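One-letter residues, chain by chain:
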Amino acid sequence: MRLLQDLMLLGSETITIWLQAFTRLTFWCALGLTGALLGLFGSAALGSTNMTLALVVFVLGVLTKIVCLIMMLHSAREVLQSPSQLGRIKPVGVPETVFHPSTALTTLLAATGPFLLTYALWGLVEQEITHLFGMNIVFHGAATEHWSIGMNRWPTFLGIAIVLLVLKQSVQFVSDRWIKHPRRRTVLSIIVLGMEGMWVFAAFAVATSLWSLAFPWIMRRSIVVRAMDAWYTLLDAIPSIDLPFGLTIDQLLLESGPWVMEVFLPAMADYVALPLFWLALTAVVHGWREFHVHDVVTGRPGRHLSRMESGLLGVLTKDIREKYLPVLACLRLVVRSGPYFVGAYLILAAIGQFTQANLAWTLHQLIGPRNDTILISVAQFVDQTAELIMLPLLSALYLTAFDRAVSNTTGAHWQRRPLSTRKSTTNDAGTSPVTRSQLPQSQTSRGRSSRSWDSTVTTGRISSPDPGSPNTLVGTIHT
């Protein structure tokens, strides 16, 4: 029953936020998809005549899409309740950037790295590369020597990745140490943003190429061959006992390995880990990102890892600590919201992903059979049409889940409001104004209620305004 209640609540609030922010969510989504499509066209049109420029054009297209995804989430901040509430209670352990909105550029610089990492780990960069291969087929046919990309050219990508990494770190170091003028720092920050996108792509291309070369070599090693022989010998020694579902024990063991590797683990990555990462990235976009190593890793390991924050090691690990460590802290925020909330969110995210995939399949079926060139060229538009329809809705789900997760974790007041009263009004700070009627009883009845601020500071606990809700925050409250 609790899971069903959370499902209904998250679902209805997602629709509400989607309707409220529909225009800006759709605008940024369309802009990002257009940029990615232009990058594909431009890179394929350049072909092999200038592969470096073709790579830059393609990566800029992918980076445009990622930047617009971040702006989708950033533009809808005013419809969230919890961040503006936290600006009033300012609980310990919540970064200041959560209730003091950052500029778009600051948000982009902080969130682009984690978004690129997610794109690389979950094969989304590989998906974009597949689209680029398809576009090269449309432009040049099977003449691979004219293509703008080829994974057999990994030494070129390796050299590009090394040069970009050194340049990116050098420019960032110079900007942090010596550049004080705001406009100059802004220009350098934009340059670093572009170099980071190209570095991630080049590093991914190198890793993919090297893995395709290393895997056959690994499988031919004697230790691997002996391990495989021992496994099959064990299977032969197991008696062939029939199981109720038509398999024997040895057949079940033989087929379970490929099933786990090819079905179960990919499904867990796509339908559990990826939605949790998207929610964590949404938290990063909305300010949940200023953490130290000891905030995420406690105890003796945390003390040892904290040494990375100083000296030369601190300079070398600056990107990891400032851009990727907050994602782990955001995952803790999600997990602390409780199993029912996480379960409801994962179910809705899975429904959204399933709907997007089937929408693309349906559009392909409506097009009908065509020759390969037409199908490949149309596939880009079909996939992007499905994304244009579903990405704003999924983004609304991420925003709703983040808003509720912050409330569950910190005790910030959150209430369900009728659609007709949810106006997208903002104050001078760009956040939703909080009326007196929306504040918890403890904030509106100082000195007249048993849940007054005086007792809150004494006990260190904020009681939820919703009876029976688990929303509490333990710690010191700064008024």
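Residues numbered from 1 in each chain as written. Predicted model: local features only at pLDDT ≥ 70, side-chain atom pairs only at ≥ 80, totals over all residues. Heavy atoms only, no water.

> Describe the overall build of the protein chain, and please don't skip the residues or the numbers.
Along the backbone of the protein chain there are 19 helices and two strands. Taking all 479 residues of the protein chain together, the buried fraction comes to 44%. Across the protein chain, contacts joining residues at least 24 apart in sequence account for 76% of those joining residues at least 6 apart. In the structure as shown, the protein chain presents an accessible area of about 24600 Å², 66% of it carried by carbon and sulfur atoms. (Helix = DSSP H or I, 4+ residues; strand = E, 2+ residues; numbered from the N terminus. Buried < 20%, exposed > 50% of the residue type's maximum accessible area, 1.4 Å probe, protein only. Contact = heavy atoms within 4.5 Å. Areas by Shrake-Rupley, 256 points an atom, 1.4 Å probe, with all protein chains shown as cover.)

> Go over the side chain of Thr-107, please, and point to the residues and values.
Within the element layout of this structure, Thr-107 appears in helix α6 (residues 104-121). Among the polar contacts listed, one links the side chain of Thr-107 to the backbone oxygen of Thr-103, at a separation of 3.0 Å. (Polar contact = N/O pair within 3.5 Å; in protein donor to acceptor, adjacent residues only side chain to side chain.)

> Account for the side chain of Ser-395, with residues named and values stated.
As for its position among the elements, Ser-395 is in helix α17 (residues 372-410). Take Ser-395: its relative accessible area is 4%, and that puts it in the buried class. With residues up to four places along the chain from it excluded, the contact list for Ser-395 reads Leu-25, Met-72 and Leu-73.

> For the pattern of salt bridges, give the residues involved together with the corresponding values.
All told, the structure shown has four salt bridges when counted by the stated rule. One salt bridge in this structure joins Glu-128 and Lys-65, with 3.1 Å as the shortest N-O distance. With a gap of 63 residues between them, Glu-128 in helix α7 (residues 124-140) and Lys-65 in helix α3 (residues 51-75) connect regions that are remote in the sequence. Comparing Glu-128 with Lys-65 shows no difference in burial state: the two are buried. Where salt bridges share partners, they join Lys-65, Glu-128 and Glu-387 into one cluster. (Salt bridge = Lys/Arg side-chain N within 4 Å of Asp/Glu carboxyl O.)

> How would you explain α17 if you had to name every residue and give the values?
Along its 39 residues, α17 runs 54 Å from first to last C-alpha, staying within 8% of the 57 Å computed at 1.5 Å per residue. A bend of about 35 degrees at Met-390 is the largest found in α17, and the proline Pro-392 appears one to four places after it. (Expected span 1.5 Å × (residues − 1). Bend = angle between axes of the 7 residues up to and from the residue.)

> Residue-level account of the nonpolar core, with values.
Core analysis: the biggest nonpolar cluster contains 82 residues, and Phe-58, Phe-115, Phe-201, Trp-278 and Tyr-345 have the highest contact counts within it. Here the element with the most residues in this core is α3; it accounts for 12 residues. In this view, Phe-115 contacts Ile-66, Leu-69, Ile-70, Leu-73, Trp-278, Leu-281 and Val-285; residues no more than four positions away in its chain are not counted. (Core = buried A, V, L, I, M, F, W, Y, C linked by side-chain atoms within 4.5 Å.)

> Which residues make up the confidence of the model for the protein chain, and what values go with them?
Summary statistics for the protein chain give a mean pLDDT of 75 and a share of 75% for residues scoring 70 or more. Across the protein chain, the secondary-structure element scoring lowest on mean pLDDT is helix α19 (residues 453-459), at 30, and the one scoring highest is helix α2 (residues 22-46), at 93. Predicted confidence is poor over residues 420-479, with pLDDT under 50, and the contacts of this stretch with residues over four places away or in other chains come to 103 contacts. (pLDDT = per-residue confidence, 0-100.)

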